[in-house]
Amino acid sequence: MAELGTIGGSIAHELNNPLAGIITFIQLIKNDLKGDEAYKEDILEMERAALKCKTIIENLLSFSRQSPDSKLEKSDFVAVVKQALQIVELQWKSSAIKIAANIPQEKYLVPGAFGLLAQSIMTLLQMTFETLAQQLAKDSTTNPNVKILVTKDAETIVFKLTSDGDPEARGLTQIFRQTIAEQILTDLGGTVEFMTDPNAESTVKISLPRLNFRS
């Protein structure tokens, strides 16, 4: 995963400069528009797409940054989850899999380097997506849904990912067990639990130590 982060960072750096030039020229064209051009909406769509690419590249750069000792760092877990979702967003949108996220706006501080935490959450999202996509390939009548919830209590920050589908979906998130991503979370003092129920729902619950925020 560290090597993938390095590759991602290299690609992001290579794309960053030409993309900045593209955005600049698009915005120059946009500023010259009078408002009645037939191609105005095309220019605006180009700008939206370029800015979306810029966000993805910024996420890749952040994703690639590593720390020699991530246990000594602290990160905003809310921002971690949002970035992981942004990175996999395009793939999820192009499928029939529906995702609903309930994520707070305030900071939830946890121990660990931002990039490593983002890698772990993104790995879980990717594994869940791939498993549900395989189910859809077998039976297109299924309607898989994924729910994400981030909460806190006095001592912990909790991330829950619940997915459903046909009975074969039970336990699908067990594939996360014994991965490097799970090891990253447990090394930071976190726990990873797997739960299923008769309705074919499968839940991964990640708990991390909560750090007090002081400005």
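In this report, we go over the structure that sits alongside the text. Note that this is a predicted model, so its numbers are computed, not measured.

Scoring rules and cut-offs
Residue positions within a chain follow its written sequence, with the count starting from 1. Local features in this predicted model are restricted to residues of pLDDT 70 or higher, and side-chain atom pairs are both shown and tallied only at a pLDDT of 80 or more, whereas totals for entire chains, interfaces and linings draw on every residue. For side-chain calculations, the full set of non-hydrogen atoms in the structure is used, while hydrogens and water are omitted. Here a pair means two rings of Phe, Tyr or Trp (six-membered ring of Trp) with centres within 6.5 Å. Their orientation is stacked below 30 degrees between planes, edge-to-face above 60, and tilted elsewhere. Secondary structure elements follow DSSP: runs of H or I of four or more residues count as helices, runs of E of two or more count as strands, with numbering from the N terminus. Accessibility here uses a 1.4 Å probe with only protein chains present; expressed as a share of the type maximum, an area under 20% marks a residue as buried, one over 50% as exposed, and anything in between as partly exposed. Two N or O atoms count as a polar contact when they lie within 3.5 Å, although within protein this holds only if one can serve as hydrogen donor and the other as acceptor, and sequence-adjacent residues are included solely when both atoms are side-chain atoms. An expected span of 1.5 Å times one less than the residue number is assigned to each helix. Fitting one axis to the seven residues ending at a residue and another to the seven starting there, the bend at that residue is the angle between the two axes. Any pair of residues with heavy atoms lying within 4.5 Å of one another is described as a contacting pair. The rule for pairing is simple: two strands pair if DSSP sees at least two bridges between them. Each axis is a line fitted through C-alpha atoms, and for a helix only the stretch in contact is used; angles between axes span 0 to 180 degrees, taken between their N-to-C directions. Arc, as used here, means the arc of the directions from the helix axis to the C-beta atoms. We call two directions roughly parallel when the angle between them is under 35 degrees, roughly antiparallel when it is over 145, roughly perpendicular when it lies between 65 and 115, and oblique otherwise. By convention the crossing between two helices is left-handed if the near helix lies anticlockwise of the far one by an angle smaller than a right angle, and right-handed if it lies clockwise.

## Considerations on the packing of aromatic side chains
No. 1: Taken as a whole, this structure holds 1 aromatic pair when the rule is applied.
No. 2: Aromatic side chains Phe77 and Phe159 sit 6.2 Å apart centroid to centroid with 90 degrees between the ring planes, which places their arrangement in the edge-to-face category. Of this pair, Phe77 sits in helix α3 (residues 77–93) while Phe159 sits in strand β5 (residues 156–163); the two residues are 82 residues apart in sequence, bridging distant segments of the chain. Pair check on accessibility: Phe77 and Phe159 agree, each one buried.

## Digging into the environment of Glu45
No. 1: Looking at the element boundaries, Glu45 is found in helix α2 (residues 40–64).
No. 2: Of the polar contacts made by the side chain of Glu45, one reaches the side chain of Arg48; its length is 2.9 Å.

## Examining α3
One turn of the α-helix equals 3.6 residues, which is why residues spaced by three or four share an orientation.
No. 1: For α3, spanning 17 residues, the distance from its first C-alpha to its last is 23 Å, which sits close to the expected 24 Å at 1.5 Å a residue.
No. 2: Along α3, the sharpest change in direction is near 45 degrees and occurs at Ile87.
No. 3: Turning to α3, its buried residues are Phe77, Val78, Val80, Val81, Gln83, Ala84, Leu85, Val88 and Trp92.

## Comments concerning the environment of Ala96
No. 1: The residue Ala96 is located in the loop between α3 and β2 (98–102) in this model.
No. 2: In this structure Ala96 comes out as partly exposed when scored by relative accessible area, which is 41%.
No. 3: The spacing of Ala96 and Asn145 is 49 residues in sequence and 8.9 Å in space, taken between C-alpha atoms.
No. 4: Look past the residues within four positions of Ala96 in its chain and what remains in contact with it is Leu136, Asn143 and Pro144.

## Some points on the sheet that holds β2
No. 1: In spatial order, the strands read β2-β4-β5-β7-β6; together these 5 strands make up an open sheet with mixed pairing. The sheet is open, and its two edges are formed by β2 and β6 (191–196), each paired on a single side. Adjacent strand axes in the sheet meet at a mean angle of 15 degrees when their direction is disregarded.
No. 2: Pairing geometry for β6 and strand β7 (residues 202–209), over 6 bridges, is antiparallel. Pairing of Val192 across the sheet is with Ile206, part of β7.
No. 3: Against the sheet, α3 touches β2, β4 (145–152), β5 and β7, its axis set at about 170 degrees to β4.
No. 4: Running at roughly 15 degrees to β5, helix α4 (residues 114–138) makes contact with β4, β5 and β7 of the sheet.

## Some words on helix α5 (residues 180–187)
No. 1: Among all positions of α5, only Ala181, Glu182, Ile184 and Leu185 are buried. Angularly, the buried residues of α5 cover 155 degrees about the axis, an arc narrow enough to put them on a single face.
No. 2: Along its buried surface, α5 packs onto α4, β6 and β7.
No. 3: In the stretch just after α5, Gly189 is the one whose phi turns positive, near 90 degrees.

## Points about the packing of α4 against α5
To characterise two packed helices, one gives the angle between the axes of the helices and the distance between these axes.
No. 1: Where α4 contacts α5, the axes come no closer than 9 Å and their chain directions differ by 135 degrees. Taken together, the axes of α4 and α5 lie oblique to each other. Here α4 runs over α5; the crossing is left-handed. Of the residues in α5, those in contact with Leu116, Leu117, Ser120 and Thr123 of α4 are Ala181, Ile184 and Leu185.

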